Amino acid sequence: MTDRSAVGAILAPLDVTLQDYPVQAGPAAGLLQQPSLSAAEQEEVLTALDTVFQQLRQERGYQARDLVVMYPEHPDIEANLARFHRIHTHDDEEVRYIVAGEGVFGFVLPDDRQVEVTVAAGDFIQVPAGLEHWFRLTDQRRIKAVRYFSARSGWVPHYSDRPLLPFG
(Lines give C-alpha, C1' and ligand atoms only; values in the text may rest on other atoms or scores of the structure.)
Protein backbone atom coordinates (compact mmCIF):
# COMPACT_ATOMS: atom_id res chain seq x y z
CA MET A 1 0.00 0.00 0.00
CA THR A 2 1.46 3.37 -0.96
CA ASP A 3 -1.41 5.96 -0.79
CA ARG A 4 -0.30 8.09 2.20
CA SER A 5 -3.78 9.16 3.35
CA ALA A 6 -5.07 5.57 3.21
CA VAL A 7 -1.92 4.35 4.97
CA GLY A 8 -2.33 6.98 7.68
CA ALA A 9 -5.94 5.97 8.30
CA ILE A 10 -4.96 2.31 8.65
CA LEU A 11 -1.90 2.91 10.84
CA ALA A 12 -3.51 5.49 13.18
CA PRO A 13 -5.33 2.96 15.42
CA LEU A 14 -2.06 1.02 15.73
CA ASP A 15 -0.17 4.14 16.91
CA VAL A 16 2.39 3.62 14.12
CA THR A 17 4.11 6.85 13.11
CA LEU A 18 5.04 7.24 9.44
CA GLN A 19 6.59 10.58 8.51
CA ASP A 20 8.54 12.09 5.67
CA TYR A 21 12.10 13.09 6.59
CA PRO A 22 13.95 14.17 3.43
CA VAL A 23 17.38 12.54 3.32
CA GLN A 24 20.05 15.22 3.51
CA ALA A 25 23.33 13.36 3.69
CA GLY A 26 25.50 16.16 2.28
CA PRO A 27 28.94 14.92 1.27
CA ALA A 28 27.97 11.34 2.24
CA ALA A 29 25.09 11.25 -0.29
CA GLY A 30 27.22 9.33 -2.79
CA LEU A 31 27.70 6.55 -0.26
CA LEU A 32 23.94 5.95 -0.23
CA GLN A 33 24.19 4.82 -3.87
CA GLN A 34 26.85 2.17 -3.15
CA PRO A 35 25.53 -1.37 -2.55
CA SER A 36 27.78 -2.12 0.42
CA LEU A 37 29.58 0.11 2.90
CA SER A 38 32.59 -0.42 5.12
CA ALA A 39 32.27 0.32 8.84
CA ALA A 40 34.00 3.68 8.28
CA GLU A 41 31.62 4.54 5.43
CA GLN A 42 28.62 3.59 7.57
CA GLU A 43 29.88 5.90 10.30
CA GLU A 44 30.33 8.66 7.70
CA VAL A 45 26.66 8.28 6.69
CA LEU A 46 25.51 8.27 10.32
CA THR A 47 27.57 11.39 11.05
CA ALA A 48 26.10 13.14 8.00
CA LEU A 49 22.61 12.35 9.32
CA ASP A 50 23.46 13.27 12.90
CA THR A 51 21.08 16.25 12.93
CA VAL A 52 18.16 13.82 12.74
CA PHE A 53 19.64 11.70 15.56
CA GLN A 54 20.20 14.71 17.80
CA GLN A 55 16.64 15.90 17.19
CA LEU A 56 15.22 12.45 17.96
CA ARG A 57 17.46 12.12 21.02
CA GLN A 58 16.05 15.35 22.38
CA GLU A 59 12.41 14.68 21.40
CA ARG A 60 12.18 10.94 22.09
CA GLY A 61 15.18 10.01 24.22
CA TYR A 62 16.98 7.71 21.77
CA GLN A 63 20.45 6.84 23.00
CA ALA A 64 22.05 4.94 20.12
CA ARG A 65 21.79 4.39 16.39
CA ASP A 66 23.29 2.20 13.71
CA LEU A 67 22.97 1.69 9.99
CA VAL A 68 21.55 -1.46 8.43
CA VAL A 69 22.80 -2.11 4.90
CA MET A 70 21.20 -4.94 2.95
CA TYR A 71 21.82 -5.75 -0.72
CA PRO A 72 21.42 -8.88 -2.87
CA GLU A 73 25.02 -10.06 -2.45
CA HIS A 74 25.11 -9.51 1.34
CA PRO A 75 26.47 -12.72 2.89
CA ASP A 76 23.79 -12.81 5.62
CA ILE A 77 20.81 -11.51 3.66
CA GLU A 78 18.78 -14.74 3.75
CA ALA A 79 19.32 -15.33 7.48
CA ASN A 80 18.45 -11.71 8.30
CA LEU A 81 15.34 -11.73 6.15
CA ALA A 82 14.18 -15.02 7.66
CA ARG A 83 14.42 -13.48 11.16
CA PHE A 84 12.33 -10.44 10.30
CA HIS A 85 9.81 -11.94 7.88
CA ARG A 86 7.95 -13.62 10.73
CA ILE A 87 5.30 -11.98 12.87
CA HIS A 88 6.89 -10.69 16.05
CA THR A 89 6.81 -7.98 18.70
CA HIS A 90 9.45 -6.10 20.68
CA ASP A 91 9.57 -4.84 24.26
CA ASP A 92 10.70 -1.45 22.93
CA GLU A 93 9.54 0.50 19.92
CA GLU A 94 11.13 -0.23 16.55
CA VAL A 95 12.30 2.89 14.76
CA ARG A 96 13.70 3.12 11.23
CA TYR A 97 14.73 6.01 9.03
CA ILE A 98 15.02 4.74 5.46
CA VAL A 99 17.86 6.57 3.72
CA ALA A 100 18.16 4.47 0.53
CA GLY A 101 16.31 1.57 -1.09
CA GLU A 102 12.99 0.28 0.12
CA GLY A 103 11.30 -2.35 2.24
CA VAL A 104 7.89 -3.44 3.46
CA PHE A 105 6.55 -3.35 7.00
CA GLY A 106 3.55 -5.53 7.72
CA PHE A 107 1.13 -5.18 10.62
CA VAL A 108 -1.60 -7.19 12.28
CA LEU A 109 -4.70 -5.02 12.60
CA PRO A 110 -7.03 -5.13 15.65
CA ASP A 111 -9.52 -7.25 13.67
CA ASP A 112 -6.70 -9.75 12.85
CA ARG A 113 -6.41 -8.68 9.20
CA GLN A 114 -2.88 -8.06 7.97
CA VAL A 115 -1.63 -5.11 5.93
CA GLU A 116 1.71 -4.20 4.37
CA VAL A 117 3.15 -0.73 3.84
CA THR A 118 6.09 0.07 1.57
CA VAL A 119 8.74 2.39 3.02
CA ALA A 120 11.40 4.10 0.92
CA ALA A 121 14.13 6.73 1.20
CA GLY A 122 12.91 9.62 3.30
CA ASP A 123 10.42 7.58 5.35
CA PHE A 124 10.66 7.55 9.13
CA ILE A 125 8.63 4.82 10.79
CA GLN A 126 8.06 4.14 14.47
CA VAL A 127 6.39 0.86 15.45
CA PRO A 128 5.17 0.80 19.06
CA ALA A 129 6.35 -1.82 21.53
CA GLY A 130 4.12 -4.89 21.61
CA LEU A 131 2.61 -4.42 18.13
CA GLU A 132 2.64 -7.54 15.96
CA HIS A 133 4.55 -6.80 12.78
CA TRP A 134 7.11 -8.11 10.28
CA PHE A 135 9.53 -6.76 7.72
CA ARG A 136 10.67 -7.86 4.28
CA LEU A 137 12.55 -6.36 1.37
CA THR A 138 10.96 -5.52 -1.96
CA ASP A 139 12.15 -7.24 -5.15
CA GLN A 140 15.07 -4.74 -5.29
CA ARG A 141 16.45 -6.40 -2.14
CA ARG A 142 18.27 -3.18 -1.21
CA ILE A 143 17.86 -0.96 1.82
CA LYS A 144 19.87 1.36 4.00
CA ALA A 145 18.08 2.23 7.21
CA VAL A 146 19.15 3.98 10.38
CA ARG A 147 17.88 2.19 13.47
CA TYR A 148 17.34 4.27 16.62
CA PHE A 149 17.32 2.71 20.08
CA SER A 150 16.36 3.83 23.54
CA ALA A 151 17.79 0.49 24.75
CA ARG A 152 19.08 -2.28 22.49
CA SER A 153 17.86 -4.98 24.86
CA GLY A 154 14.22 -4.07 24.11
CA TRP A 155 14.68 -4.77 20.44
CA VAL A 156 14.87 -8.56 20.68
CA PRO A 157 12.08 -10.11 18.57
CA HIS A 158 9.40 -12.18 20.30
CA TYR A 159 7.84 -14.38 17.64
CA SER A 160 4.13 -15.13 17.70
CA ASP A 161 2.52 -18.29 16.40
CA ARG A 162 0.28 -16.23 14.11
CA PRO A 163 0.69 -17.26 10.47
CA LEU A 164 1.77 -14.66 7.96
CA LEU A 165 -0.81 -14.38 5.20
CA PRO A 166 0.38 -14.38 1.58
CA PHE A 167 0.58 -10.94 -0.08
CA GLY A 168 0.96 -10.00 -3.69
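Here, every reference points to the structure presented above.
Computed from a prediction, not measured in an experiment: that's the story for all the values here. (Residues numbered from 1 in each chain as written. Predicted model: local features only at pLDDT ≥ 70, side-chain atom pairs only at ≥ 80, totals over all residues. Heavy atoms only, no water.)

The subject of this paragraph is the overall build of the protein chain. Tallying secondary structure elements over the protein chain gives 4 helices and 9 strands in all. Scaling as 2.2 N^0.38, a compact globule of 168 residues should have a C-alpha radius of gyration of about 15 Å, and the protein chain matches this with 15 Å. Across its three principal axes, the protein chain shows a C-alpha extent of roughly 45 × 35 × 35 Å. Residue burial in the protein chain is summarised as follows: out of 168 residues, 45% are buried. Restricting to contacts in the protein chain with at least 6 residues of sequence separation, those with at least 24 account for 76%. For the protein chain, the accessible area works out to roughly 8,400 Å², and carbon and sulfur atoms hold 50% of it. (Helix = DSSP H or I, 4+ residues; strand = E, 2+ residues; numbered from the N terminus. Rg over C-alpha atoms; globule rule 2.2 N^0.38 Å. Buried < 20%, exposed > 50% of the residue type's maximum accessible area, 1.4 Å probe, protein only. Contact = heavy atoms within 4.5 Å. Areas by Shrake-Rupley, 256 points an atom, 1.4 Å probe, with all protein chains shown as cover.)

Judged by nonpolar contacts, the single largest core of 25 residues is most densely connected at Leu11, Phe107 and Ile125. If near-sequence neighbours (up to four positions away) are discounted, Leu11 is found in contact with Val16, Leu18, Phe107 and Val117. By size, the runner-up hydrophobic cluster in this structure holds 23 residues, among which are Ala28, Tyr62, Leu67 and Tyr148. (Core = buried A, V, L, I, M, F, W, Y, C linked by side-chain atoms within 4.5 Å.)

Right, let's get into the pattern of salt bridges. Here the structure, examined in full by the defined rule, presents 9 salt bridges. Asp50 serves as the salt-bridge partner of Arg65, at 3.3 Å between the closest nitrogen and oxygen. Of this pair, Arg65 sits in strand S2 (residues 64-70) while Asp50 is found in helix H3 (residues 50-60), placing the two residues 15 residues apart along the sequence. A residue is classified by how much of its surface remains accessible, and Arg65, at 18% relative accessible area, is buried. Here Arg113 and Asp111 are joined by a salt bridge, their closest N and O atoms 2.7 Å apart. (Salt bridge = Lys/Arg side-chain N within 4 Å of Asp/Glu carboxyl O.)

Turning next to the pairing of strand S8 (residues 143-149). Burial analysis of S8 places 7 of its 7 residues in the buried class, the great majority of the element. Here S8 shows two buried faces, one formed by Ile143, Ala145, Arg147 and Phe149 and the other by Lys144, Val146 and Tyr148. Of the strand pairs in this sheet, S2 and S8 are connected by 7 bridges, and their pairing is antiparallel. In the sheet register, Met70 faces S8, and the bridge partner there is Ile143. For strand S4 (residues 94-108) and S8, the ladder comprises 6 bridges, and the chain directions are antiparallel. Pairing of Tyr97 across the sheet is with Val146, part of S8. (Pairing = 2+ DSSP bridges.)

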